[in-house]
Amino acid sequence: MTQYLYLHGFASSPKSTKAQAMRSRFATLGLELIIPDLNQGDFSHLTLSRQIQQVSEFVLGQPDSTVLIGSSLGGLTATWVAQQPPLAGRIEKLVLLAPAFDFLAQWLPRLGSDQLNAWRTEGTFSVYHYTEQRTLPLHYDFITDAQGYDDGALQAKIPTLILHGTRDETIAIAASRAYATCRPWVHLVELPSDHALVDVEADLWQHTREFLEL
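So, a few notes on the structure that sits alongside this text. In this text the structure is predicted, and so the values were computed from the model without any measurement. (Residues numbered from 1 in each chain as written. Predicted model: local features only at pLDDT ≥ 70, side-chain atom pairs only at ≥ 80, totals over all residues. Heavy atoms only, no water.)

Outside of glycine, negative phi angles account for most residues, and trans bonds account for most peptide bonds. One non-glycine residue, Ala11, adopts positive backbone phi at about 55 degrees. With respect to the element layout, Ala11 can be found in the loop between strand E1 (3-7) and helix H1 (17-28). Overall, Ala11 belongs to the buried group, its relative accessible area being 2%. (Helix = DSSP H or I, 4+ residues; strand = E, 2+ residues; numbered from the N terminus. Buried < 20%, exposed > 50% of the residue type's maximum accessible area, 1.4 Å probe, protein only.)

This paragraph deals with the pairing of strand E6 (residues 134-139). Side-chain direction in a regular strand flips from residue to residue, so the side chains alternate between the two faces of the sheet. With 6 bridges joining them, strand E5 (residues 124-129) and E6 adopt antiparallel strand pairing. What sits directly across from Phe125, in E6, is Leu138. (Pairing = 2+ DSSP bridges.)

The next thing to look at is the nonpolar core. Residues Leu76, Phe103, Trp107, Trp119 and Phe142 are the most contacted members of the largest nonpolar core, which totals 49 residues. In terms of residue count, helix H4 (residues 103-122) provides more of this core than any other element does, 7 residues in total. Apart from the residues lying within four places of it in its own chain, the contact partners of Leu76 are Leu48, Pro99, Ala100, Phe101, Phe103, Asp151 and Leu154. In terms of nonpolar packing, the next biggest core, distinct from the first, is built from 23 residues, Met22, Leu33, Leu161 and Leu191 among them. (Core = buried A, V, L, I, M, F, W, Y, C linked by side-chain atoms within 4.5 Å. Contact = heavy atoms within 4.5 Å.)

A few words now on the packing of helix H2 (residues 48-60) against helix H3 (residues 73-83). Contact geometry of H2 with H3 gives a least axis separation of 9 Å together with a crossing angle of 60 degrees. On the basis of the axis angle, H2 is oblique to H3. Crossing handedness for the pair H2 and H3: right-handed. Seen from H2, the contacting residues are Leu48, Gln51, Ile52, Val55 and Ser56; seen from H3, they are Leu73, Leu76, Thr77, Trp80 and Val81. Each residue belonging to the contact of H2 with H3 can be placed in one class, and the counts come to 7 nonpolar, 3 polar and no charged. (Axes fitted to C-alpha atoms, helices over the stretch in contact; angles between N-to-C directions. Parallel < 35°, antiparallel > 145°, perpendicular 65-115°, else oblique. Left-handed = near helix turned anticlockwise from the far one by under 90°. Nonpolar A, V, L, I, M, F, W, Y, C, P; charged D, E, K, R; others polar.)

Within strand E7 (residues 160-165), 6 of the 6 residues are buried, leaving the element largely enclosed by the surrounding structure. Along E7, one buried face is formed by Thr160, Ile162 and His164 and the opposite face, lined by Leu161, Leu163 and Gly165, is buried too. As paired strands, strand E4 (residues 91-97) and E7 are joined by 4 bridges and run parallel to one another. Note on E7: the bridge partner recorded for Leu96 is Ile162. The pairing of E7 with strand E8 (residues 186-191) spans 6 bridges and is parallel.

Structure (structure tokens):
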């Protein structure tokens, strides 16, 4: 029986609005949506590599194949999990909600050189965590680790649905357009929304349900 796994976004948690809305939608069909906590009780030492390892280990520990649904950084994580050789044939499909492709190139310029240099020098940077509703320190390893990943290497031919808002000011929709253009197994749906996508929840579910044939 297929396992359905939802990966929340950066500075978020399983309690996020989208995660819980999606879980409720799955429950109406009698299906469980598993939402692991990617913070692992230690947001300060979060890295993309750590997320990939956590999710990969979970998928490998399941007897059946898995569908990954990922939001923002969780979406980027999902694509890298699907790329891991040990998981070949274990991932059925990907559903990516405003995936964080090319995110360093988009995020770092917003910080500015002064803040980035201070982060590098001091070792940590204060990030507002939406679930905790407070700022938490994030180690600079988050940046150095992410610099080791090139989106161009994401070539696993797994059926993929991307749902991205045209008014997204966090991760520009151009990143998803570029990703989908050169990957014929990827279908991009553009929605009239921002990065949160909360005002198009019904559309997210409709497209997800049709794509997953639920």
